[in-house]
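Single-letter residue listing:
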Amino acid sequence: MTAPHINGLREAHAHLFQHGRSIEMVDLSSCSSAGEVIHLLVERARAHDNEPILAHGARPDGWEEPIWPTIAQLDAVSTTQPIIAWCFDYHALVGNTIALSAAGFDHDSPNPLGGIVGRDKAGALTGVVYERAALAVWDAVPEPAEVLRMQMLRAGVTDLVERHGFVEIHDLKAQTWLGPSLAAIAATYRGRVRFRLWPLVTDLAEVYTSHQAWATDEVALGGGKIFVDGTLNSRTAWMLHPYADSQPDHPYGTPMMSASAIEDSIRQCDELGLPIAAHAIGDAAVRSVLDAIERVGPQARGHRIEHCEVIDADDVPRFAELGVIASVQPCHLLYDIEALRRGLPDRLDRVMPLRSLIDAGLIPGEGLIFGSDVPIVRPDPADSVRGAVHRRRETHKPEAAIGKDQALTEDEAWACFGVASSTR
Ligand SMILES: [Zn+2]
């Protein structure tokens, strides 16, 4: 597939440092069972016996037996090195006892706010933790030293720019240190690549204070990022209707912010003249963001909803009406097919209603923009074009397509990756 009629490719949703770091981690994306995951972890633990074993890319929903390795299996790999294996969507992970206890999770610890600690019927840890609980386990692993960090960042940028040809990249959870580091890297590309940074709203004041020192035409602050819900694979995306196979006690998923907290975040960004980018995957989360933007009526332009994987029909026209950008990763459709069929069997027609969004006034490349969310999935734009056009994996029969009526043409899909000529 080729990219027609566009001035350059934009990756609208990436995590640059995490992408570079994940290149060094154990890649579990080819595994099709818990046993294969354990096998790769054992190999890494043998080769590196005194450092944490970090892995990513596991997708149990795609396995014949969709069951994570157990904490006992991970403890059998090592009891002295922390072991962490991320679900490909980075909203859940499985860890061994030492990794979980470093974050304070043991046999009688409560769930943290916005997180779930997996337990069996007897209350014992399963090793699987979700959302804020997963982040707590990850945060307990020491960050790489600064030199290594810069190497990892550079590896992530190099892959996107040189291997995939992007000329504009948006980082959707920019670390407080990212701006100056990216400015140094961007200088080596002499104006050929632009970066836009979206730090968490909680970090925004700090980044804003420093950004005069590093911001250029190439590297600039985009706005603030918030997380309103979880993901479909973890059944933590916040839905208007219950899942067919929900988490215990979370039939509608897990909202991660109250309506007033979303409004406060929009106001905080607006005071700095910046828009917000809200992670919202479920239709309840999408609606709560649209409601908040409508109520606050911010001055800043360019507000975005990231992912919007399920959108209620009533909310589709509100994007164009409120001037909200839909930032979608159709490549996720290729990975989420099993989770969608199991979790939302009656509501597949509401998944990524791209055709309806365009019909309701969103312009490809301006109001409707595409990205990959790398390293959640690989950053090849052809994957998103396939997801948007065919709505199924290449190996699937045409009738396996999800929401066929919402398909785009190839030209429209590439246009969603296009950098508008006015901004180049
Ligand atoms: Zn993301």
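Given the structure is predicted, the values throughout are model-derived calculations rather than measurements.

### Here we look at the pairing of strand E14 (residues 325–328)
Now for step 1: Residue alternation in E14 divides its side chains into two sets, Ile325 and Ser327 and Ala326 and Val328, and both sets are buried.
Now for step 2: By the bridge criterion, three bridges tie strand E13 (residues 304–307) to E14 in an arrangement that is parallel. Opposite Glu306, over in E14, you have Ser327 as the bridge partner.
Now for step 3: Following the backbone out of E13, through helix H11 (residues 316–322) and into the adjacent parallel E14, one traces a crossover that is right-handed.
Now for step 4: Sheet topology places E14 next to strand E15 (residues 368–370); three bridges connect them, and they run parallel. By the bridge assignment for E15, Ser327 is matched with Ile369.

### Notes on the pattern of salt bridges
Note that side chains of opposite charge can pair when their charged atoms are close.
Now for step 1: Within the structure shown, the criterion is met by 20 salt bridges.
Now for step 2: Its salt-bridge partner being Arg295, residue Glu263 comes within 2.4 Å of it at the nearest N-O pair. Taken as a pair, Glu263 in helix H9 (residues 259–271) and Arg295 in helix H10 (residues 283–296) lie far apart in primary sequence, 32 residues in all.
Now for step 3: Among the salt bridges present, the one from Arg378 reaches Asp383, with a minimum N-O distance of 2.6 Å.
Now for step 4: Shared partners join several salt bridges into a network, and the residues in it are Arg287, Asp291, Glu294, Asp312, Asp315 and Arg318.

### Digging into the domain arrangement of the chain
Now for step 1: Entries for the chain in the domain assignment read domain 1 (9–19 + 150–423) and domain 2 (21–139).
Now for step 2: Here the C-alpha centre of domain 2 lies 26 Å away from the C-alpha centre of domain 1.
Now for step 3: At the junction of the two partners, domain 1 supplies 28 residues and domain 2 supplies 23 residues.
Now for step 4: Between domain 1 and domain 2 the total buried area reaches about 2100 Å² when both faces are included, carbon and sulfur atoms providing 55% of it.

### Thoughts on the coordination of the zinc ion
Now for step 1: Around the zinc ion, the protein contributes the donor atoms His13 (NE2), His15 (NE2) and Asp373 (OD), at 2.1 to 2.2 Å from the metal centre.
Now for step 2: Between the donor residues of the zinc ion, the gaps in sequence give the motif H-x1-H-x357-D. On the criterion of sequence distance, the pair formed by His15 in the loop between strand E1 (9–14) and helix H1 (16–22) and Asp373 in the loop between E15 and helix H14 (381–390) is long-range, its members being 358 residues apart. Considered together, His15 and Asp373 belong to a single accessibility category, that of buried residues.

About the thresholds
Residues numbered from 1 in each chain as written. Predicted model: local features only at pLDDT ≥ 70, side-chain atom pairs only at ≥ 80, totals over all residues. Heavy atoms only, no water. Buried < 20%, exposed > 50% of the residue type's maximum accessible area, 1.4 Å probe, protein only. Helix = DSSP H or I, 4+ residues; strand = E, 2+ residues; numbered from the N terminus. Pairing = 2+ DSSP bridges. Right-handed = clockwise from strand over helix to strand, strands pointing away. Salt bridge = Lys/Arg side-chain N within 4 Å of Asp/Glu carboxyl O. Domains from an automatic or database assignment. Contact = heavy atoms within 4.5 Å. Buried area = accessible area lost by both parts, 1.4 Å probe. Donors = N, O, S within 2.8 Å, 3.2 Å for Na, K, Ca; no water.

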